[in-house]
Amino acid sequence: MALLALEDLTVRFRTRGGTVHAVNGVSFDLEAGETLGLVGESGCGKTATGLAMLRLLPRPAGRVEGGRVVFAGRDLLSLSEAEMRDLRGREIAMVFQDPMTSLNPVLTIGTQLIETLVAHRQLRGAAARGRAIELLEIVGIPQAARSLRRYPHQFSGGMRQRVMIAIALALAPRLLIADEPTTALDVTIQAQVLELIEELTRESGTAVILITHDLGVVAGRTQRICVMYAGFVVETATTRQLFAAPRHPYTVGLLHSIPRPQATGIGELIPIEGAPPEQLTAPSGCPFAPRCAWRIAACWVDNPALVPLTRDGTVAGEVVNTGPQATHRLACHNPASAEEARAGRPLRPGFEAAPPPTDILAVQPAGSAA
Amino acid sequence: MTTPPMAQLAGPAGAEAAFRTGRRRRAVTTAGRVLANPLSAIGLVLALVLILIALAAPLLVPYDPLTIDAANRLLPPSPTHPFGTDEAGRDIFSRVLYGTRPSLLAATVILGLASVVGTVIGLVAGFRGGRVDELLMRLTDMFLAFPALVLAMGAAAALGPSFFNAMIAIAIVWWPWYARLVRGQVLHLKHELFVDAARVAGASERRIVLRHILPNCWTPIIVQMSLDVGYAILTMASLSFIGLGAQPPAPEWGAMVAVGRDYILDQPWYVAFPGMAIFVAVMAFNLLGDGLQEALSPRWRR
Ligand SMILES: Nc1ncnc2c1ncn2[C@@H]1O[C@H](COP(=O)(O)OP(=O)(O)OP(=O)(O)O)[C@@H](O)[C@H]1O
Ligand code: SF4
Ligand SMILES: [Mg+2]
């Protein structure tokens, strides 16, 4: 049985401006020690997915409205708050995007690091302090003993993120959710921090969900990838498979958006035109249709389901959810071929993206609340 | 995972001491910033002088503040009685010096009570939100709807005129400001990422409020308290002036001015000196409060 199984997770934010359909039936499995990249543009529901797993969605707007999060055999969504608290930090940890605000400005680094150790009654007093110093050394903070007494503002962003990693991994959790851990950092620091996470979680056998908007970040760092768009998983595969044979036009777009395309073997930089949808209503067709160069008439009216593929592109018989043999899955009516993926555009002679059906446009209430 | 060399494992005692040094250094920088502004420096010096006088009053005064000397009634200022004497021949200079005691005591008690009650209510209202917040804020608004002095007068009159009751009465009208202040802070702090980070680390709600949110409220509370000291002194003197606070012949500034009113035309120094004392004390703490606010405000926003 997998360590973590997300089953049809659905998250909505009820706001004054309407209901945001942030996560729409996301499912994936994760084996112990496995690493998964959760990739997509800003607003596609990556953070909401992570927070929902820990039951930390901002209240009262954010709510899980469906699905299950099964972790080590227990449905987290039905645990009591006390059970959940015991689990957070000890079994599942999370590192946030912004290291500048994820540490309390009026408490020392030591206080905040020791808090985790003490909260779960693992250690106390001098032993906790000793372990805290050890943890800071492990994440590469110079002068660890002195740093314990420093305040967050005395550290750079990279150092703070190292502290956050020390806090997250203090109790050797079984799962780490790293939410864009390097987005706020300098490029030179980014690789170091990613390597640190990789190294430490490999040593402790911690499974990792690495959230990022940059496919370049997960290249070679995670075993599998889920590509998300508008709250849906639109393509998932092993990292090798996804880079070698991306099929979803959005994945192809993301691959061509990596700032250093030579490194990934994919051709020229082609930005994805347009912006993600508002998600105030459930999409009637494929959510990517307005931006998609491959779309056909069906795309406007039918949102494709995520279905397994085999290597030759047909639907598979036997399905594997995790590990190096994980089945490639895709939600698309008109997938890109290998040549098209490399080129970043449809190559079929005379092919043109299907125009929106006029009747649908006429009926669609613009930005109305659900 | 690697084990660090034992030499690097600093003892808890050493770490604790250095931690305290860090705090002290922070206090020193704040004091430095207050002193950098001449007005707040004056406020700080005057406030310290007032506190010293209050502590050392018995050593400083030439006469007992309550001893009657019928032969020397209503004397004008002179080298023997620098501020003159009152209608019972008591030395006004000694009485004004002693007057620092009830004033500072009242300010401490009023603001202590008000800030503790207000902070607790503000923390609960802000953090709990929803109906609890609604209820507590309606209660707070009820208190704020009345003019403070009128409400304090009513409360003091209901409790019975005495110095102690006046302090309680003023504290009763004062806490809502702290409740509002702290609630406002909590409302914005509870959405800070570090609160989520603490939750992710497994901290309980109680721990989050007391350990993560409350310490972030200290600075605004302290600034507010330092701005309020002067007003608390003034309010206490006002209640004493209208007979609801300290009772003559207690050496309290407001009460002295109240009695001295009868002699204002022929012995103007009688009201002038306690009146000036009130003015100096209020001004000193207001200047200091402004300075503290200035010195701390850019800091606590990071
Ligand atoms: N507190 C909130 N109230 C209302 N809507 C929210 C809230 N938080 C997120 N959303 C909405 O939910 C959707 C998903 O947001 P989420 O933060 O999960 O995106 P993300 O993929 O993490 O993006 P980013 O890369 O910007 O972090 C977005 O449309 C966002 O506007
Ligand atoms: S081809 Fe159709 S289904 Fe596939 S991504 Fe484009 S619009 Fe969506
Ligand atoms: Mg996010």
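Given the structure is predicted, the values throughout are model-derived calculations rather than measurements. Once a new chain begins, its residue numbering starts again from 1 and follows that chain's sequence as written. The naming scheme follows written order: chains are lettered A onward, ligands numbered 1 onward. Owing to the predicted nature of the model, reporting of local features is limited to residues with pLDDT of at least 70; listing and counting of side-chain atom pairs is limited to 80 or more, with chain, interface and lining totals taken over all residues. Here the side-chain values reflect all heavy atoms present in the structure, with hydrogen atoms and water set aside.

Asker: How would you sum up the overall build of chain A? Please name residues and give values.
Answerer: A run of H or I in DSSP becomes a helix once it reaches four residues, and a run of E becomes a strand once it reaches two; helices and strands are each numbered from the N terminus. A count of helices and strands for chain A gives 13 helices and 12 strands. Referenced to the eigenvectors of the C-alpha coordinate spread, the extents of chain A come out at roughly 70 × 45 × 40 Å. Here chain A, with 370 residues, has 55% of them falling under the buried criterion. For chain A, restricting intrachain contacts to residue pairs at least 6 apart in sequence, the fraction spanning at least 24 positions comes to 65%. Residue-level accessible areas treat just the shown protein chains as cover; the underlying method is Shrake-Rupley with a 1.4 Å probe. Counting only carbon and sulfur atoms, one obtains 53% of the accessible surface of chain A, whose full area is about 15500 Å². Positive charge is attributed to Lys and Arg, negative charge to Asp and Glu, and no charge count is given to His or to the chain ends. Here the site of a charge means NZ on Lys, CZ on Arg, CG on Asp, or CD on Glu. Separation of charge centres in chain A, based on 35 positive and 35 negative side chains, amounts to 7 Å. We call a residue buried when its accessible area falls under 20% of the maximum for its residue type, exposed when it is over 50%, and partly exposed in between, using a 1.4 Å probe and counting protein chains only. The contact criterion used throughout is that any non-hydrogen atoms of two residues lie within 4.5 Å.

Asker: Give a detailed account of the domain arrangement of chain A, specifying residues and quantitative values.
Answerer: A common measure of how large an interface is: the accessible area buried when the components associate. Residue and element names in this part refer to chain A. Per the domain assignment, the segments of chain A are domain 1 (1-91 + 173-370) and domain 2 (106-169). Taking only C-alpha atoms into account, the centre of domain 1 sits 33 Å from that of domain 2. Of the residues lining the interface, 16 residues belong to domain 1; the matching set on domain 2 comes to 11 residues. The term buried area refers to how much accessible surface (probe radius 1.4 Å) is lost by two components on association, counted for both of them together. Summed over both partners, the interface of domain 1 with domain 2 comes to about 1100 Å²; 73% of that surface belongs to carbon and sulfur atoms. Basic side-chain nitrogens of Lys or Arg form a salt bridge, by our definition, when they fall within 4 Å of a carboxyl oxygen of Asp or Glu. Counting across the interface, domain 1 meets domain 2 through 0 salt bridges. In protein, a polar contact means a hydrogen-donor-capable atom and an acceptor-capable atom, both N or O and within 3.5 Å, with residues adjacent in sequence counting only if both atoms are side-chain atoms; elsewhere, any N or O pair within 3.5 Å suffices. Our count for the domain 1 to domain 2 interface comes out at 4 residue pairs in polar contact (both at pLDDT 80 or more). For the side of domain 1 that touches domain 2, the secondary structure elements donating two or more residues are helix H2 (81-87) and helix H7 (187-204). Domain start and stop points were drawn from an automatic or database domain assignment.

Asker: Before we move on, could you go through the nonpolar core and cite the residues and values that matter?
Answerer: Soluble globular proteins tend to pack their nonpolar side chains together in the buried interior. Nonpolar cores were defined as sets of buried Ala, Val, Leu, Ile, Met, Phe, Trp, Tyr and Cys residues, with membership established by side-chain atoms within 4.5 Å. In terms of nonpolar packing, the biggest core is built from 108 residues, with A:Leu4, A:Phe28, A:Leu136, A:Ile165, A:Leu175, A:Ile209 and A:Leu215 touching the most fellow members. Broken down by element, this core gets its largest block of residues, 7 residues, from helix H6 (residues 157-169) of chain A. Composition of this core by domain shows at least three residues from each of domain 1 (1-91 + 173-370) and domain 2 (106-169) of chain A. Setting aside residues up to four positions removed in sequence, A:Leu136 forms contacts with A:Ile109, A:Leu113, A:Ile141, A:Ala144, A:Ser147, A:Leu148, A:Val163 and A:Ala166. The next biggest cluster of nonpolar side chains, apart from the first, holds 73 residues, and it includes B:Phe194, B:Ala203, B:Tyr270 and B:Ala281.

Asker: Any details on the interface of chain B and chain A? Residues and values, ideally.
Answerer: Each side of the interface is counted separately: chain B has 32 residues, and chain A has 40 residues. On inspection of chain B and its partner chain A, the count reaches 1 salt bridge. Here A:Glu115 makes a salt bridge to B:Arg207, at a shortest N to O gap of 2.9 Å. Our count for the contact surface shared by chain B and chain A stands at 7 residue pairs in polar contact (both at pLDDT 80 or more). Sorting the residues of the side of chain B that touches chain A by element identifies helix H1 (12-36), helix H7 (193-200) and helix H8 (205-241) of chain B as the ones contributing at least two each.

Asker: Please provide a residue-by-residue account of the site of ligand 1, values included.
Answerer: Residues and elements named next belong to chain A. We define proximity as follows: a residue is near a molecule or strand when any one of its heavy atoms falls within 4 Å of that partner. The local shell around ligand 1 holds 14 residues, among which Ser42, Gly43, Lys46, Thr47 and Ala48 are the closest. Between an oxygen atom of ligand 1 and a side-chain N or O atom of Ser42, the distance comes to 2.5 Å. A distance of 2.7 Å separates an oxygen atom of ligand 1 from a polar backbone atom of Gly43. Of all the elements in the fold, those that place two or more residues in the shell around ligand 1 are strand E1 (4-15), strand E2 (18-30) and helix H1 (46-53). The element best represented in the shell around ligand 1 is H1, accounting for 3 residues. Under the scheme applied here, ten amino acids are nonpolar (Ala, Val, Leu, Ile, Met, Phe, Trp, Tyr, Cys and Pro), four are charged (Asp, Glu, Lys and Arg), and all others, including Gly, are polar. Taken together, the residues that form the shell around ligand 1 break down as 6 nonpolar, 5 polar and 3 charged.

Asker: Please give an account of the sheet that holds strand E5 (residues 74-75) of chain A that cites residues and values.
Answerer: All names here are of chain A. Strand pairing is assigned whenever DSSP detects at least two bridges linking the two strands. Taken in spatial order, the 4 strands line up as E2-E1-E4-E5 in an open sheet, and their pairing is antiparallel. Either end of the sheet is taken by a strand with one partner, and the two such strands are E2 and E5. Sheet topology note: the E1/strand E4 (residues 62-71) ladder contains 8 bridges and is antiparallel. Residue Ala5 lies in a different strand from E4, and its bridge partner there is Val70. For every element, the axis is a line fit to its C-alpha atoms; helices are fit only across the contacting stretch, and the angle between N-to-C directions ranges from 0 to 180 degrees. Contacting E1, E2 and E4, H1 runs over the sheet at an angle of about 110° to E1.

Asker: Explain the site of ligand 2 to me, using residue names and the numbers behind them.
Answerer: Every one of the 13 residues lining ligand 2 counts as a neighbour, but A:Cys286, A:Cys292, A:Cys299, A:Cys332 and A:His333 are closest to it. Its residues assigned to classes, the shell around ligand 2 shows 9 nonpolar, 3 polar and 1 charged.

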